[in-house]
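Summary of the model geometry
The chain contents come next:
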Amino acid sequence: MKKILFHSNSSKALTGFGKNCRNILSFLYKTGKYEIVELSNGIQENDPKLNLMPWKCVGGLPSDEQTVSRIKSDSKYRSKALYGGLRIEEIIESEKPDIYIGSEDIWAFSDWWNNRWWKKINTILWTTIDSIPILNSAIEGYENTDLFFTWSKFAAKEMQKEGCDEADYLHGPVDSETFYKLSEEDKSKIRSDNNIPEDCFIIGFVFRNQLRKSVSNLLDGFKKFKEESGANVKLLLHTNWQEGWDIPKLIKEKDIANNEILTTYYCKNCKKYEVKPFASDNKSSGEKLTCPFCFSKKSQNTIKVDQGISDFQLNEIYNIMDVYCHPFTSGGQEIPIQEAKLCGLITLVTNYSCGEDCAHEDSGGLPLDWNEYREPGTQFVKASTCPESICNNLLTVYNMNDKEKSAYSEKAINFVKENYSIESTGNKLMSFLDKMPTIKWDYKIENLIPDLNQKMPEDCSDSDFILLCYKNLLKMEINKKSAVFKFLSEKLKNGTSRENLFTALKSNAEKEIKAIKQKPKGIDHYLDDSDLGRRLALILPKSIGDVFMATSLLPELKRNYPDYNIYFVTNPEYFPVLAGNPHIHKVLPYTHDYSDSLYLEGFSNRKDRKDHPGFFDIAMLLNTHTQRIPNYTRNGIDKIGLELCT
């Protein structure tokens, strides 16, 4: 059975990546063909929500205090952490997957393909590309990955223009069983429950409130449409009003009545939702309202990525709309467009980026015209959707007869089922997975290190010189299209000698080996096999005063447990304080693994992990005792009578 490590947003997250993760892993899990491990970005490694899925989930964020503190203070380090960059090698080593699938924005993976483990396993990048020109990192990712998928035809086409001939698209799957067209009777009831009249024409937009979603343009188009149609019309913005655009301010600037803009409120306690105008006159700025259903105070808010309505409820939201309008500057796929189509809605979509896939008439949609502008810094081509086009297309839909609307509705539903269904995407992905070989893990990642005994290559071209240096000295595989190859080629071309280049690479290799040797090893690396069944650990990472005072406990502890070897665990800078202490068997370097007494002593029948025999018979965390980090908790209390030292 092949083991798949799927790396993305958490499958519990209410985001496009989260839905994709949940849908595709559910499909693969049900086949019973694969062992699945989900690597969840932005979730700490010890978070309880990791235990809520039928497959194994691991968190991408470290949980030790030192790392967490640095993540909070260092923005660059935080970005790496949030995308799993701090734990990826550890997880690869621990899980030993046959296939790695990374489904995120391309910058999430940085230059992972330059790590030695990358070439040792099957790799798939399934990434969103939403603008031109194509980033160099996307091209380099394609060149160093076994399979490279984008989420839209637009992106695959643009990659192929850059010479990435085998770049393909794989649409994010949409659940056609959850999203579907309700009966007119059901629609009427939902409207009635939310005090929306039958004759009210509802324009909907489901989106995360990011600046690339063209809220301002939509408000302009909506206002113009209302004036020209004279209709009883409302704009429903299903989003979080606390991030991104200051929507209340935009509404006021454009002189639109507050009750003409609806939104979705959700109660975190009773889980019910309500569609109504944003309460901009509320003292809490429209959030933290009293729920009208369960009367909980401050529990009703606009939806968030980690707290919002279910897909079943979202289907109801779509079904009270008369038309769906999705203006944006660019996007990877924009899953709400396909969800709206499944609900039978005519979709108005900006005809750029992934919008090209869903804006044509055959898809049950109408294209929105746009003007080009360039994003500062990146020079990306972005779309500014024309408010006039929004207005004109809304008028087209508003004036359609029932037969015309029905024809568009049927096209929309069939288009998504044929091109975006879970089965369509799942089967396509599975056809590639089944062709990939299983991996023989006859090595450890920590042993994939440079070989300083290698001599400088001779009698070869400059190109081969660079490739051989990496292959023989650094034990890494690069190709002629990689950024580092181009950089070094330019150095040689501009007069840098081969001797100097080789010396520089060898110097970097020496630094890498030194860093590897200094890296803390696993707990079992430091333990003596001869004292198995007679180990006691004292854990106190800092500070020097506490470590010094803790030594006063050792004589009494040794008296109570004369047959046990005492291991003192602390930060390496405090080792000298403990040097020569006759009661200590060994001093060990502290890592976050020592923060869990159950892990140190062993556990069984845990849903999140396999049975684990433990490393110590007794583990005492002297630095803390909280609900999050239990202490003095004996697994083998019937075997060992613990007498606390005083």
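This text follows the structure it describes.
Residues numbered from 1 in each chain as written. Predicted model: local features only at pLDDT ≥ 70, side-chain atom pairs only at ≥ 80, totals over all residues. Heavy atoms only, no water.

A short note on the sheet that holds strand S19 (residues 565-570)
Taking strand neighbours across the sheet as the criterion, the four strands line up as S20-S19-S18-S21 in an open arrangement whose pairing is parallel. In the strand order of this sheet, the two ends are held by strand S20 (586-589) and strand S21 (618-621), each with one partner. Taking the axes of each pair of neighbouring strands and ignoring which way they run, one obtains an average angle of 20° across the sheet. Relative to S19, strand S18 (residues 535-539) runs parallel, the two being bridged by five bridges. (Pairing = 2+ DSSP bridges. Helix = DSSP H or I, 4+ residues; strand = E, 2+ residues; numbered from the N terminus. Axes fitted to C-alpha atoms, helices over the stretch in contact; angles between N-to-C directions.)

A look at the side chain of Lys 234
Along the chain, the position of Lys 234 falls in strand S9 (residues 233-238). It turns out Lys 234 is buried and unbridged, and the closest side chain with the opposite charge, Glu 260, is 6.4 Å from it. Here the side chain of Lys 234 touches Asn 259 through a polar contact of 2.9 Å, landing on its backbone oxygen. (Buried < 20%, exposed > 50% of the residue type's maximum accessible area, 1.4 Å probe, protein only. Lys, Arg positive; Asp, Glu negative; His and termini not counted. Salt bridge = Lys/Arg side-chain N within 4 Å of Asp/Glu carboxyl O. Polar contact = N/O pair within 3.5 Å; in protein donor to acceptor, adjacent residues only side chain to side chain.)

Remarks on the pattern of salt bridges
All chains considered together, the criterion is met by 32 salt bridges. The partner of Glu 95 in a salt bridge is Lys 3, and the shortest N-O contact between them spans 2.9 Å. Taken together, the residues Glu 95 in helix H4 (residues 88-95) and Lys 3 in strand S1 (residues 2-9) connect sequence positions 92 residues apart. Assigned by exposure class, Glu 95 and Lys 3 land together as buried. A salt bridge links Glu 372 to Arg 374; the shortest N-O distance between them is 3.1 Å. Take Arg 374: its relative accessible area is 44%, and that puts it in the partly exposed class. Through salt bridges with shared partners, a single ionic network connects Lys 3, Glu 35, Lys 56 and Glu 95.

Considerations on the sheet that holds strand S6 (residues 147-150)
Strand order in this open sheet of seven strands is S3-S2-S1-S4-S5-S6-S7, and the pairing throughout is parallel. Of all strands in the sheet, those with a lone pairing partner are strand S3 (56-61) and strand S7 (168-169), marking the two edges. As paired elements, strand S2 (residues 34-44) and S3 share five bridges and run parallel to each other. Bridge pairing links Leu 39 to Val 58 in S3.

A few points about the environment of Lys 226
Relative to the assigned elements, Lys 226 resides in helix H8 (residues 215-229). Taking the C-alpha atoms as reference, Lys 226 lies 75 Å from Val 587; in sequence the two are 361 residues apart. Sequence-distant contacts of Lys 226, defined by excluding residues within four places in its chain, comprise Ala 231, Val 233 and Glu 260. (Contact = heavy atoms within 4.5 Å.)

What to know about the pairing of S9
Remark: a regular strand shows side chains that alternate across the two faces of the sheet. For S9, the buried fraction is high: six of the six residues fall into the buried class. Alignment of strand S8 (residues 201-206) against S9, held across six bridges, turns out to be parallel. Residue Gly 204 lies in a different strand from S9, and its bridge partner there is Leu 236. Taken together, S8, H8 and S9 form a β-α-β motif whose crossover is right-handed. As paired strands, S9 and strand S10 (residues 261-267) are joined by three bridges and run parallel to one another. Looking at S10, one finds that Leu 236 is bridged to Leu 262. (Right-handed = clockwise from strand over helix to strand, strands pointing away.)

Let's talk about the packing of aromatic side chains
In total, this model carries 27 aromatic pairs according to the counting rule given. For the ring pair Phe 205 and Phe 207, a centre distance of 4.0 Å and an interplane angle of 20° mean the geometry is stacked. For the pair Phe 205 and Phe 207, one class covers both residues: buried. Relative to Tyr 398, the ring of Phe 225 has its centre 5.9 Å away and its plane inclined at 80°; by these criteria the two rings are edge-to-face. (Phe/Tyr/Trp six-rings, centres within 6.5 Å; stacked < 30°, edge-to-face > 60°.)

Re the environment of Leu 86
Tracing the sequence through the fold places Leu 86 in the loop between helix H3 (75-82) and H4. The class for Leu 86 is partly exposed, based on a relative accessible area of 24%. For the pair Leu 86 and Pro 376, spaced 290 residues apart in sequence, the C-alpha to C-alpha distance is 30 Å. Beyond its immediate chain neighbours, meaning those up to four positions away, Leu 86 contacts Pro 62, Thr 67, Ile 71, Tyr 77, Lys 80 and Ala 81.

Topic: a positive patch on the surface
A grouping of Lys 268, Lys 288, Lys 297, Lys 298 and Lys 304 is seen on the molecular surface, where their side chains present a positively charged patch. Positionally, Lys 298 belongs in the loop between strand S11 (273-277) and strand S12 (300-302). Its relative accessible area of 59% is what places Lys 298 among the exposed residues. (Patch = residues over 30% accessible without salt bridge, like charges linked within 9 Å, V, L, I, M, F, W, Y side chains within 5 Å. Areas by Shrake-Rupley, 256 points an atom, 1.4 Å probe, with all protein chains shown as cover. Charge placed at Lys NZ, Arg CZ, Asp CG, Glu CD.)

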